[in-house]
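# Structural features, examined
Chain by chain, the residues run as shown.
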Amino acid sequence: MFTERLQNAINDQIAAEFYSAYLYLAMSAYFESKDLPGMAHWMRMQYEEEVIHALKFFDYMNDRGAPVVLNAIDAPPAEFGSVTEVFEEVLAHEQKVTSLIHNLYTLAVEEGDYPTQSLLQWYIDEQVEEEKSASEVLARVKMVQDYPPGLLMMDQELAARPAPTPPAGEAA
Ligand code: OFO
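Residues numbered from 1 in each chain as written. Predicted model: local features only at pLDDT ≥ 70, side-chain atom pairs only at ≥ 80, totals over all residues. Heavy atoms only, no water.

## Let's talk about the side chain of Glu50
Following the sequence through the fold, Glu50 ends up in helix H2 (residues 37-63). Comment: no salt bridge for buried Glu50; closest opposite-charge side chain is Arg161, at 7.5 Å. A distance of 3.0 Å separates a polar atom in the side chain of Glu50 from a polar atom in the side chain of His53. Once residues lying within four places of it in the same chain are set aside, the contact partners of Glu50 are Glu17, Ser20, Ala21, Tyr24, Glu94 and Glu130. (Helix = DSSP H or I, 4+ residues; strand = E, 2+ residues; numbered from the N terminus. Buried < 20%, exposed > 50% of the residue type's maximum accessible area, 1.4 Å probe, protein only. Lys, Arg positive; Asp, Glu negative; His and termini not counted. Salt bridge = Lys/Arg side-chain N within 4 Å of Asp/Glu carboxyl O. Polar contact = N/O pair within 3.5 Å; in protein donor to acceptor, adjacent residues only side chain to side chain. Contact = heavy atoms within 4.5 Å.)

Next up, the structure:
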């Protein structure tokens, strides 16, 4: 059954996904200000990916005839630390989102809501990818953090990140 408790939790997650988008957009602006356009681009692609995550929940609520409530989105920080610190924050943030998704899944099981469990499977798999990609970038940034030419090469590499594609059957 699609209980009000679960509906509220999904509405909260919509705001959490938009906060993720906001956070990465703030990081994108930060890297622009540091003349690292490739890293700024990587963060902007991450921002787009988070909007897709938010809209997938949004569409799901509408599909089930449940009320969408768009809660306030917290302001992200405007200042960040070193390149390594920024990517450490990305990984920590994704780990936090993973636990939010897992908590939602636990709730969907408790409430006996099978469609939501099915939906959340997509997010559970997606979080494995999100953490993997953040870990990989962080590991490589750490390798070159004290070597500016290496950081510039990393910047060029991250400029090649393609735009995310929405899940099959959905518009971006
Ligand atoms: Fe980065 O996975 Fe959504 O929030």
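## A short note on the layout of surface pockets
Space inside the largest pocket adds up to approximately 210 Å³. For the largest pocket, the full set of lining residues is Trp42, Glu49, Glu126, Glu129, Glu130, Ser133, Glu136, Val137, Arg161, Pro162, Ala163 and Pro164. Listing elements by their share of the lining of the largest pocket, those giving two or more residues are H2 and helix H4 (114-144). It is H4 that contributes the most residues to the lining of the largest pocket, 6 residues altogether. In terms of residue class, the lining of the largest pocket is built from 5 nonpolar, 1 polar and 6 charged. (1 Å grid on protein atoms, 1.4 Å probe; cavity = no way out; pocket = protein on both sides within 12 Å on 5 of 7 lines; lining within 4 Å. Points joined across faces, edges and corners; volume = space filled by probe spheres on them. Nonpolar A, V, L, I, M, F, W, Y, C, P; charged D, E, K, R; others polar.)

## Remarks on the packing of aromatic side chains
Taken as a whole, this structure holds 7 aromatic pairs when the rule is applied. Judged by centre distance (6.1 Å) and plane angle (55 degrees), the ring pair of Tyr30 and Phe31 falls under tilted. You'll find Tyr30 and Phe31 in the same group, each marked buried. Centroid distance Tyr30 to Phe80: 5.4 Å. Interplanar angle 70 degrees. Geometry classified as edge-to-face. Placement of the pair is Tyr30 in helix H1 (residues 4-33) and Phe80 in the loop between H2 and helix H3 (83-110), with a sequence separation of 50 residues. The exposure classification of Tyr30 matches that of Phe80, with both residues buried. Over the ring of Phe2 we find Arg64, and its NZ or CZ is 4.1 Å from the ring centre. When the ring centre of Trp42 is taken as reference, the NZ or CZ atom of Arg161 above it lies at 4.6 Å. (Phe/Tyr/Trp six-rings, centres within 6.5 Å; stacked < 30°, edge-to-face > 60°. Lys NZ or Arg CZ within 6 Å of the ring centre and 35° of its normal.)

The quantities given are spatial measurements derived from coordinates; they are silent on function.
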